[in-house]
Amino acid sequence: MTFVFTLSLSLHAQRGVRIGYIDTEYILENVPEYQEAMSQVETKAQKWKIDIQGKLAEIAQKRKDLSNEKVLLTQELIDEREEDIAFEEAEILDYQQKRFGPNGDLMIQKKQLMQPVQDQIFAAVQDMAASKKYDFIFDKAADVVMLYSAKQYDLSEIVLRSISRTSKRKQAQSKFERKAAEKEELVPEINEELEARQKALEEKKAERESALEKARQEKLDARAAKVKAAADRRQKILDDRAKAKQAALDRKNGVTSKSEEAKEGAEESANDNKEPVKTRAELIEENRLKKLAEREARKKALEEKKKKIIEDRQKAKDSLNNN
């Protein structure tokens, strides 16, 4: 504000001072090559955003699945899965920062696209100031406070036409150069220092990603080994239970093991003159037949008792009738 006030006093004192201003934002909006390149960058940025959103949605689903499965998992497995989810989330956030951070790929590419146009604007302003004897040329889009700016002092269109003429001269080169330019991807020029810095960042990024991938793979291998060990222990428990259950069924059904059969064979050999030992099935059948015989005997006794009672009643009735 002090600068503008001082400049106003100077202008009143010296009527011969020539001033002008430009609007960099307006110029950039009207440079076709810049707008086309920015459109490509925005398309690429949109793809990055969709990719990041998809990965974050996967992380949210994994957290939800883990929450639903916690009752079925051991605390060790829960901790491992939570650690894996946190690791993947950190990877995604790091990727987001590398794409959209202050020093991310998006900002770097925008600066690379803007730098050639800014150089052209600066060169056009220098030529115009020298040829038309301007003392001051301000940028309306910069931090300079301009409380009022008359349109007659706006030099943006002049600068824009100068850039357009320069662009047409470059495009009017030989037929071979035009065809070569059409085959190349629209990539802005960058200086060697910026290229070296970007290369160092890419190498550092590759090293970091390699280390992260190695650590992630080691964790996955360790978790797979623990899961396999737990599965083996569980299978062994199931096998032992199955064997115990089969042994109980065998004992219940009278199935003897080889050692028991050998023992019974030895006892039979030692007692050849004695009555053969009956098997469990034979004993069961003998007991069943014995019970059936006892039941028939009781039934027959009841029938005889009932018959005798009926006969006694008939005799008593006949005796009463005779009297």
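For the structure itself, consult the block above.
Residues numbered from 1 in each chain as written. Predicted model: local features only at pLDDT ≥ 70, side-chain atom pairs only at ≥ 80, totals over all residues. Heavy atoms only, no water.

**Q** Describe in detail the pattern of salt bridges, supporting the description with residues and values.
**A** Under the counting rule described, the total for this entry stands at 19 salt bridges. Across the pair Lys 55 and Asp 51 runs a salt bridge whose closest N-O atoms are separated by 3.7 Å. One end of the pair is Lys 55 and the other is Asp 51, both in helix α3 (residues 32-69) and four residues apart, which spans about a single turn. Exposure remark for Lys 55: the relative accessible area of 32% places this residue in the partly exposed category. (Salt bridge = Lys/Arg side-chain N within 4 Å of Asp/Glu carboxyl O. Helix = DSSP H or I, 4+ residues; strand = E, 2+ residues; numbered from the N terminus. Buried < 20%, exposed > 50% of the residue type's maximum accessible area, 1.4 Å probe, protein only.)

**Q** Would you mind going over the packing of aromatic side chains in detail, with residue names and values included?
**A** A full pass over the atoms with the stated rule returns two aromatic pairs. Pairing Trp 48 with Phe 100 gives two aromatic rings, centres 6.1 Å apart and planes at 80°, and the pair type is edge-to-face. Here Trp 48 is found in helix α3, whereas its partner Phe 100 is found in helix α4 (residues 75-100), with 52 residues between them in sequence. The class of Trp 48 is buried, set by a relative accessible area of 9%. In this structure Phe 100 comes out as partly exposed when scored by relative accessible area, which is 26%. Seen from their ring centres, Phe 136 and Phe 138 are 6.2 Å apart, and the 5° between their planes marks the pair as stacked. For Phe 136, a relative accessible area of 32% gives the class partly exposed. For Phe 138, a relative accessible area of 16% puts it in the buried group. Arg 18 extends its terminal NZ or CZ atom over the ring of Tyr 134, reaching a point 4.5 Å from the ring centre. The aromatic ring of Tyr 95 is capped on one face by Lys 55, whose charged end is 5.0 Å from the ring centroid. (Phe/Tyr/Trp six-rings, centres within 6.5 Å; stacked < 30°, edge-to-face > 60°. Lys NZ or Arg CZ within 6 Å of the ring centre and 35° of its normal.)

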